[in-house]
Amino acid sequence: GAALISRGGSEAVTDAVAFTGPHQAGIVTPAQDRLHFVAFDVVTKDRERLVRTLREWTAAAARMTAGLDAGEIGAVDGMPEAPPDDTGEAIGLPASALTLTVGFGPTLFRDATGKDRFGIAGKLPAALEPLPRFTGDTLDEAISGGDIAIQACANDPQVAVHAIRNLARIGMGTVSVRWSQLGFGRTSSTATGQATPRNLFGFKDGTRNLKAEQEDLLREHLWVPDGDGPDWMTGGSYLVTRKIRMLIETWDRSSLAEQEAIVGRHKGTGAPLGAAGEFDEPDLTAVGADGTDLIPATAHVRLAHPDTNNGARMLRRGYNFVDGSDGLGRLDAGLFFIAFQRDPRTGFVPVQRSLAASDEMNEYVRHVSSGLFACPPGVTGGGWWGDRLFA
Ligand SMILES: C=CC1=C(C)c2cc3[nH]c(cc4nc(cc5[nH]c(cc1n2)c(C)c5CCC(=O)O)C(CCC(=O)O)=C4C)c(C)c3C=C
Ligand SMILES: [Fe+2]
């Protein structure tokens with residue numbers, strides 16, 4: 001094909017993540033520093049129009065992840081009378097490891113009355129069954145759910161925002177933005193080469209995450225295998241989002257020992273209580289001199305541990321957020337939790353049930369939004385987002 005000149009003006013795009021492949025980028029891709037996550041409602045009833053938008057999105061996503069303008073003409077080279085096919089704020093910026101990951105929500109398949117919206121209800125995966133209500137949930141419906149989600153991750157916030165903005169622009173009339181969330185400071189490492197980052201409680205987060213290099217575990221817990229539901233999801237993964245407000249000021253008044261008992265790990269090193277190294281295995285059976293569990297029964301890492309949850313594992317890929325302050329003198333801050341898994345019914349759900357029931361951390365967090373999306377496999381050879389779903 002023709003040589004493509006990147007927005008940075010050079011042909012050598014060194015920090016681009018491949019858009020095509022057997023799996024979507026943005027899942028095991030080493031977690032970038034910034035997030036812009038958007039959930040859309042589909043506002044058209046016209047299947048062909050939706051398909052057209054998905055095709056246009058795919059073309060724009062392939063271009064933007066390569067460090068190019070969203071459209072072929074670009075931000076400033078079109079007719080003066082027409083709106084440009086790129087919005088321009090990423091001119092001069094490199095690809096910045098941008099990944100765009102698409103997922104389809106249960107409401108895309110059937111509306112609230114059960115009606116098949118686009119002739120795809122027969123392809124609804126059983127694993128996309130709506131999440132149950134969990135004890136303590138304080139969800140806001142206006143910032144939950146959605147028919148289609150797109151996760152934009154990049155090492156430059158402007159690049160992530162540019163991508164979502166252009167996709168929303170292209171989708172006008174087909175979709176409308178239901179909610180979106182900005183995030184910073186990835187709270188999980190997803191590759192063994194990445195240092196473990198910290199969440200806003202000040203603890204290392206992602207130590208025992210699934211990692212890109214653990215191929216056997218990824219096959220078992222992350223990717224949908226052949227025969228595990230409708231064909232169109234083979235090689236895909238299910239995405240759960242939870243916006244979790246953290247009561248930062250309350251947390252900051254609790255003692256270091258209390259914080260460590262709540263998490264079940266040391267704050268400095270990240271080592272499990274009773275161990276010395278960050279990557280030492282947590283010993284759930286260890287007892288102290290006084291006969292009590294070193295890792296308390298209510299500790300987060302005990303309740304989230306696979307041994308407590310029938311082997312449940314997931315790939316966490318969340319981001320911190322601060323949405324300013326709440327008007328009551330508190331930071332409106334927390335964790336935008338993101339997890340990918342083969343099946344939420346054996347991944348997120350049992351773990352969240354354990355946490356909701358007994359996690360001491362619940363005193364310091366509130367779940368305010370929830371999302372569930374089926375992320376198809378990667379685009380290959382001239383394909384487009386949803387091609388197998390709408391085939
Ligand atoms: C239902 C899934 C989970 C939610 C929701 C969740 C919220 C949440 N977690 C932290 C901080 C930490 N979590 C850690 C480990 C951990 N958390 C989950 C799941 C959920 N967390 C899992 C599966 C694990 C790994 C368990 C294991 O296999 O040992 C840790 C320890 C470091 C690590 O291993 O990543 C921290 C710290 C917060 C602050 C939070 C909500 C705001
Ligand atoms: Fe956690």
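Along each chain, the written sequence defines residue order, and numbers are assigned to residues from 1. Going through the entries in the order they are written, you letter the chains from A and number the ligands from 1. In keeping with the predicted nature of the model, local features appear solely for residues at pLDDT of at least 70, side-chain atom pairs appear and are counted solely at 80 or more, and the whole-chain, interface and lining totals rest on all residues.

What counts as a helix is a DSSP run of H or I of at least four residues, what counts as a strand is a run of E of at least two, and both are numbered from the N terminus. In terms of helices and strands, the chain carries 7 helices and 9 strands. The globule rule puts the C-alpha radius of gyration for 391 residues at 21 Å, and the 21 Å found for the chain is close to it. With the C-alpha coordinates aligned to their principal axes, the bounding extent of the chain is approximately 75 × 45 × 45 Å. Counting across all 391 residues of the chain, residues that qualify as buried make up 45%. Note on contacts: each residue gets a C-beta atom placed from the backbone, and two residues are in contact if those atoms are within 7 Å. Restricting to contacts in the chain with at least 6 residues of sequence separation, those with at least 24 account for 74%. With the radius of gyration taken over C-alpha atoms, the globule rule is written as 2.2 Å times the number of residues to the power 0.38. Here exposure depends only on C-beta density: within 10 Å of a residue's C-beta, 20 or more other C-beta atoms make it buried, 12 or fewer make it exposed, and intermediate numbers make it partly exposed, the C-beta atoms being placed from the backbone.

Another aspect to go through is the site of ligand 1. Around ligand 1, the surrounding shell holds 27 residues, and the nearest of these are Phe203, Thr207, Arg208, Ala304 and Gln352. Those elements giving two or more residues to the shell around ligand 1 turn out to be β5 (237–246), α6 (300–303), β8 (331–341) and α7 (348–358). The element best represented in the shell around ligand 1 is α7, accounting for 4 residues. Looking at the shell around ligand 1, its residues break down into 15 nonpolar, 7 polar and 5 charged. A molecule or strand has a residue near it when that residue's C-beta atom, placed from backbone coordinates, lies within 6 Å of it. For this scheme, ten residues count as nonpolar: Ala, Val, Leu, Ile, Met, Phe, Trp, Tyr, Cys and Pro. Four count as charged, namely Asp, Glu, Lys and Arg, and the remainder, Gly too, count as polar.

Each pair of packed helices gets described by two things: the angle between the helix axes and the distance between those axes. Axis angles are defined between N-to-C directions and span 0 to 180 degrees, where every axis is a line fitted to C-alpha atoms and, for a helix, only to the segment in contact. Close contact between helix α1 (residues 47–65) and helix α2 (residues 157–170) brings their axes to 10 Å; oriented N to C, the two are set at 155°. Relative to α2, the element α1 lies roughly antiparallel. The handedness of the crossing between α1 and α2 comes out as right-handed. Contacts from Thr53, Glu56, Trp57, Ala60 and Met64 of α1 reach α2 at Ala163, Asn166, Leu167 and Ile170. Its residues assigned to classes, the contact of α1 with α2 comprises 6 nonpolar, 2 polar and 1 charged. Comment on the angle field: the value is read as roughly parallel under 35 degrees, roughly antiparallel over 145, roughly perpendicular from 65 to 115, and oblique elsewhere. Each helix crossing is assigned a hand: it is left-handed if the near helix lies turned anticlockwise from the far helix by less than a right angle, otherwise right-handed if that turn is clockwise.

Right, let's talk about the nonpolar core for a bit. For this analysis, nonpolar core means a set of buried Ala, Val, Leu, Ile, Met, Phe, Trp, Tyr and Cys residues linked through C-beta atoms within 7 Å. Within the largest apolar cluster, 93 residues are counted, with the highest numbers of intra-cluster contacts made by Leu98, Ile148, Ile150, Ala152, Ala160 and Ala163. Beyond its immediate stretch of four places on either side in the chain, Ile150 contacts Val38, Leu100, Thr101, Val102, Ile164 and Leu167.

Turning our eyes to something else, we now look at the pairing of strand β1 (residues 34–42). Burial runs high along β1: 8 of the 9 residues are buried. Pairing between strands is defined by DSSP: at least two bridges between them are needed. Sheet topology places β1 next to strand β4 (residues 175–186); 9 bridges connect them, and they run antiparallel. Within the sheet, the bridge partner assigned to Arg34 lies in β4 and is Phe184. Of the pairings in the sheet, the one linking β1 to strand β3 (residues 148–154) comprises 7 bridges and is antiparallel in character. Paired with Phe40 across the bridge in β3 is Ile148.

Right, let's get into the UniProt feature "domain: Dyp-type peroxidase C-terminal" (unreviewed entry) in the chain. UniProt feature "domain: Dyp-type peroxidase C-terminal" (unreviewed entry): in the numbering of this structure it lies at residues 196–379. Taken as a whole, residues 196–379 contains 19% helix and 22% strand, while its terminal C-alpha atoms sit 30 Å from one another. UniProt positions are given in the numbering used here, feature names are shortened, and annotations may be inferred rather than shown by experiment.

On to α1. With 19 residues, α1 extends 27 Å between its outermost C-alpha atoms, agreeing within 8% with the 27 Å of an ideal straight helix rising 1.5 Å per residue. Three or more residues of α1 are buried, namely Leu50, Thr53, Leu54, Trp57, Thr58, Ala60, Ala61, Arg63, Met64 and Thr65. In this fold, the buried residues of α1 make contact with β1, β2 (99–104), α2 and β4. Downstream of α1 by one or two residues, Gly67 has phi in the positive range, about 85°. Each helix should span, by expectation, one fewer than its residue count multiplied by 1.5 Å.

Okay, the environment of Phe321 next. Within the element layout of this structure, Phe321 appears in strand β7 (residues 319–325). Separated by 70 residues in sequence, Phe321 and Trp251 place their C-alpha atoms 16 Å apart. Not counting residues up to four positions away in its chain, the partners in contact with Phe321 are Gln181, Leu182, Gly183, Ala333, Gly334 and Phe336.

Take the environment of Glu48 next. Its location among the elements puts Glu48 in helix α1. Since 10 C-beta atoms lie within 10 Å of it, Glu48 is described here as exposed. For the pair Glu48 and Thr380, spaced 332 residues apart in the sequence, the C-alpha separation amounts to 21 Å.

With that settled, the discussion passes to unusual backbone geometry. Its identity as a non-glycine residue notwithstanding, Ser96 has a phi of 60°, on the positive side. Counting through the fold element by element, Ser96 comes out in the loop between α1 and β2. By the C-beta count within 10 Å, which is 25 here, Ser96 ends up buried. Residues other than glycine seldom take positive phi values, yet Asn310 does so here, at roughly 55°. You can see Asn310 is positioned in the loop between α6 and β6 (315–316). A tally of 9 C-beta atoms within 10 Å means that Asn310 is categorised as exposed.

What follows concerns the pairing of β4. Two elements, β4 and β7, share 2 bridges in a ladder whose sense is antiparallel. Among the inter-strand pairings, Phe184 is bridged to a residue of β7, identified as Asn320.

Scored from 0 to 100, pLDDT reflects the predictor's confidence in each residue. In the predicted model, the chain carries a mean pLDDT of 95, and the fraction of residues at 70 or more is 97%. In the model output, the complex is listed with pTM 0.96 alongside ipTM 0.99.

What follows covers α2. Think of an α-helix as turning once every 3.6 residues; residues three or four places apart then point the same way. The end-to-end C-alpha separation of α2 is 20 Å, in line with the 20 Å expected for 14 residues at 1.5 Å each. For α2, the set of buried residues is Val159, Ala160, His162, Ala163, Ile164, Arg165, Asn166 and Leu167. Looking at the buried side of α2, the elements it contacts are β1, α1, β2, β3 and β4.

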